[in-house]
Amino acid sequence: MAKRKISFFKIIVLTFILVFLSSAVGAGYIFYSIISPEGLPQIDNLITSNLYDGNGDLFATMFRENRHIVDLAQIPIELQQAVIAVEDAYFYDHYGINLLSIGRAALRNIRSRRVVEGGSTITQQLAKNLFLSHDRTFQRKAEELILTLQFERNFTKDEILNMYLNEIYFGHGNYGVEAASRYFFDKSVEELTLAESAMLAGIPRGPGYYSPLIEGNQEAARRRQSHVLNRMVEMGYITPQQRQEALEEELVYRPPSRGDRPAAHFISYIINHQLRDILEFEREDIYSSGLNIYTTLDPSMQAAAEKALLEGLEGFANSYVDEAGIRQPQGALVAIDPTNGHVRALVGGLDYQESNFRRATSSKRQPGSAFKPFLYAAALESGGYTAASKIACEPTSIPIPGSDKDYEPKDYGGGFHHRLLSLREAIVLSCNVSAVKVNMDIGPEKTKEYANKMGITSDLNAVPSLALGTSEVTPLEMAAAFIPLANRGIASEPVFITRVTDYRGRVLWEAENKQTVVLDERVAYILTDILKGVLRPPGTAAAVQNVFRRPAAGKTGTSSGPTDAYMVGYTPQLVASVYIGDDHNKPLGAGETGGRLAAPIWANFMAEALRDYAPQDFPVPEGIIQVSLCEETGLKQSSRCTGPTLNEIFILGTEPQAECSEGTCPHVEPEKPSWPWPIPQLPWFR
């Protein structure tokens, strides 16, 4: 089919109509703006929604594209001049519409017998990019001219240029000169040379053709850079010698990288769960309506979390790569301020660009023995147990309804302690048999009840093995559920956002302080005192003492396989959970445990996160007493007992009342006989 040609006469007519329309629309707009300025789109806030950290400092901007906003003062004058030279040479001389440029474009269109040039100024391009489609129609052109005049009426030339340089598209998903500078040259825009500036300035005309990072484009990109430099010489911005030096400069481009943006998983959760699912903001509003979102993020803690997880797993994870090329195992870390529930750091994986799956909030895996504190909280508060209660660690069979096989719990490695353990010992040594026995004594439903009210929201199976963490939960849940232990029995819902305002500062939403007393603070203190022992020999997380030496408590966990490793620990200032696991549920390797994998990452994070905080110990509540016990019997130690002494803490009134005796303890010495006859009360004895 023959190509249809536009007649010479039609091109002339269309050109004159365009010139006439430009003038008519300009005059009409002046009248319109006086009569009804509210009829035009408002441009008070044009570009971005902002995320602020817990200190109130801006830490991220949100767009539908990759963009970083910079002030005009941060953009090198050479880059500003390069863009003006090739996009709008008379930018500072016109009022948004350059009729000479329109006429020149019309002549080119006539000569080419097709539309090859539009004659748009920088202001027109900005109006089109922000508000309009790219259709080549008279209606769209009329709307563009009206908006252009409004821009010129409301903003200075420098403000318009600044907006344009932050809006212009450079290809590869990058908008604005700062994003482009980072993407192409791995540096901030402030550091660009003249040669680099000229290269960037030439790309927006056709990113797919002029991007030097696309294979086969290098020659075209160099020619475009040369054209930009020639235009800068013609306009007197640079000398011929500067042009030559720029052409001879070897450009070093950013190597391909999978690098994360800071707090990527935190931001993803904010956008996709908090703002959209819970607060029900529309996606378009989140990205382009100028929202100010004030979060709980602590930048230094976030950096410490990302570093600890990456360094702790990098060597180990690189040896495991799945079919999709994703490194395994992966991990997650969540840190929460227990006093108010504010989430200070969240990492959902080793590399967000490699895998944007938020393991911290979405990966439900078995926590193993890290679940046991919920069981023992229930036992201490409502099950009649104390820290000194004795539990036998020995082979045990539990009938399972509907099954011909009994459930037979074993300790890690498959053995037993074959002796009585105090409840304190059972927790510190992470005895599985003792945990299941306590669970069956108080009832799995009671364990489930306490786990739920302390902060676990996932469905739990009230079965004998629940005590061993066989129901799946997320790292965020685990961190939240340890808050009552760190904060005197008070639970707090995790808080990511404190308030949201519109671009005028009007409050659209504000968080409520949702705190609930879920544990007797004395129970929380006793369990915390026991969990301190997990971080000391012979506890399963004793290795953390090599890095983190301040009052802290916690619990490790390892699922069967082992496929998942956990460490959840806390101080009065911070709760943190660390999860390590394979996305495809493959074993981590023989001997890999929560104490070996997750605990060192936890310790490194906590040491850095709390570096500027003074150490604090957990305050002792009223109603706690310490009693000297006979280690052999667990009873109050008799004055005649020569055996080892065990100092234990109790809630007042729950301590043992009976003393060890000759009949219960082999270390009690026989009572010495009293003097066989009375001493006479003689006068001189008085």
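Scroll up to find the structure.
As the structure is a prediction and not an experimental result, all values here were calculated from the model.

> Would you mind going over the overall build of the protein with me for this structure?
Counting its secondary structure elements, the protein contains 23 helices and 18 strands. Across the 686 residues in the protein, those meeting the buried criterion constitute 52%. Restricting the contact set of the protein to residue pairs at least 6 apart, pairs at least 24 apart contribute 67%. Taken as a whole, the protein presents about 32,700 Å² of accessible surface, with 51% of it coming from carbon and sulfur.

> Just checking my understanding: could you explain the sheet that holds strand β14 (residues 553-558) for this structure?
Two orientations exist for strands paired in a sheet by backbone hydrogen bonds: parallel and antiparallel. One open sheet accounts for five strands, arranged β7-β6-β16-β15-β14; its pairing is antiparallel. Two strands in the sheet have a free side with no partner beyond their single neighbour: β7 (343-347) and β14. Here the average twist between neighbouring strands, direction ignored, is 5 degrees. As defined by bridge partners, β14 adjoins strand β15 (residues 564-570) across six bridges and the pair is classed as antiparallel. Looking across to β15, one finds that Thr556 is bridged to Met567.

> I keep staring at the sheet that holds strand β1 (residues 49-52) and nothing clicks. Help me out?
The mixed open sheet is built from five strands, whose spatial order is β2-β1-β5-β11-β12. Each edge of the sheet is formed by a strand with only one pairing partner; in this case those strands are β2 (58-62) and β12 (507-510). The sheet shows a mean angle of 20 degrees between the axes of neighbouring strands, direction not considered. Inspection of the sheet shows β1 paired to strand β5 (residues 292-295) by three bridges, in the parallel sense. Bridge assignment links Asn50 to a residue of β5, and that residue is Asn292.

> Any chance you could explain the pattern of salt bridges here in plain terms?
Where charged atoms of side chains with opposite charge meet at close range, the side chains can pair. As enumerated under the stated definition, the model contains 20 salt bridges in all. The salt bridge involving Glu394 is made with Lys437; its shortest N-O contact spans 3.4 Å. Here Lys437 lies in helix α18 (residues 432-442) and Glu394 lies in the loop between β8 (390-393) and β9 (419-422), a separation of 43 residues in the sequence. One salt bridge in this structure joins Glu449 and Lys446, with 3.3 Å as the shortest N-O distance. You can see Glu449 and its partner Lys446 sitting in helix α19 (residues 444-454), three residues apart, about one turn around the helix. Each of Arg424, Asp529 and Glu648 takes part in salt bridges that share partners, so that together they form one network.

About the thresholds
Residues numbered from 1 in each chain as written. Predicted model: local features only at pLDDT ≥ 70, side-chain atom pairs only at ≥ 80, totals over all residues. Heavy atoms only, no water. Helix = DSSP H or I, 4+ residues; strand = E, 2+ residues; numbered from the N terminus. Buried < 20%, exposed > 50% of the residue type's maximum accessible area, 1.4 Å probe, protein only. Contact = heavy atoms within 4.5 Å. Areas by Shrake-Rupley, 256 points an atom, 1.4 Å probe, with all protein chains shown as cover. Pairing = 2+ DSSP bridges. Axes fitted to C-alpha atoms, helices over the stretch in contact; angles between N-to-C directions. Salt bridge = Lys/Arg side-chain N within 4 Å of Asp/Glu carboxyl O.

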